[in-house]
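Residues per chain are reported as follows:
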Amino acid sequence: MKPTLSILLVVLAAPTLAVAGEISIAGVGQSRDFTCNGEDVAITGQGHTVELKGSCGAIGIHGSGHKVSFEDSTSLAVSGAQNKANGGSTGSLTVETAENTVSTKVHAGETAAEIDVSGADHTIDLELTGPAKIEVGGVKNSLSWTAAADVREPSISTSGVENRIVRR
């Protein structure tokens, strides 16, 4: 008789963690209001008008012709063309592609807030409430910023053609 090896497998059930869902708006021409409770937000398609209340996770605006307002987010990413985002406050900002307009406060966490602008013909208006690192590339982007006297100037890196960065 051959010896047998018995294996006892014990599976411990791990407690499940509540994970915030995602708010998703897709298609064309939707007009919606949402209250965020930490959820991430994905806006895709064309021509939506969206008002986000409360504290959102990461907000992604992709496509064209969207008008989005928000109170607070951990991060904001805008890509596509001719989108407008107006917010109370975000932790980091990425703007890509062409002709997007963004106006918001940017707050730092444990590290400096990161702001990355690439593509062409964007108009970005920021109020910095803490340390920030700004990178602007691409063509003919315009970024203006302001900060209280006790907030140190951001680290700014530029490349590309005819970009404009000014302190208001």
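Before any of the text, the structure's been laid out above.
Source: prediction; values computed, not measured.

**Q** Honestly, the side chain of Ser 144 in this entry has me stumped. Any pointers?
**A** By the secondary structure assignment, Ser 144 is in strand S12 (residues 142-147). Engagement of the side chain of Ser 144 in a polar contact is seen with the side chain of Asp 125, the distance being 3.1 Å. In contact with Ser 144, not counting residues within four places along its chain, are Ile 124, Asp 125, Leu 126, Val 166 and Arg 168.

**Q** I would appreciate a short explanation of the environment of Val 102 in the present structure.
**A** Within the secondary structure layout, Val 102 lies in strand S8 (residues 101-106). Separated by 18 residues in sequence, Val 102 and Lys 84 have C-alpha atoms that sit 5.9 Å apart. Filtering out sequence-adjacent residues up to four positions away, Val 102 remains in contact with Leu 76, Val 78, Ala 85, Leu 93, Val 95, Thr 123, Ile 124 and Asp 125.

**Q** Got a minute to help me understand the pattern of salt bridges in this structure?
**A** For the structure shown, the criterion picks out three salt bridges. Across the salt bridge formed by Glu 135 and Lys 133, the nearest N and O atoms sit 3.5 Å from each other.

Definitions and cut-offs
Residues numbered from 1 in each chain as written. Predicted model: local features only at pLDDT ≥ 70, side-chain atom pairs only at ≥ 80, totals over all residues. Heavy atoms only, no water. Helix = DSSP H or I, 4+ residues; strand = E, 2+ residues; numbered from the N terminus. Polar contact = N/O pair within 3.5 Å; in protein donor to acceptor, adjacent residues only side chain to side chain. Contact = heavy atoms within 4.5 Å. Salt bridge = Lys/Arg side-chain N within 4 Å of Asp/Glu carboxyl O.

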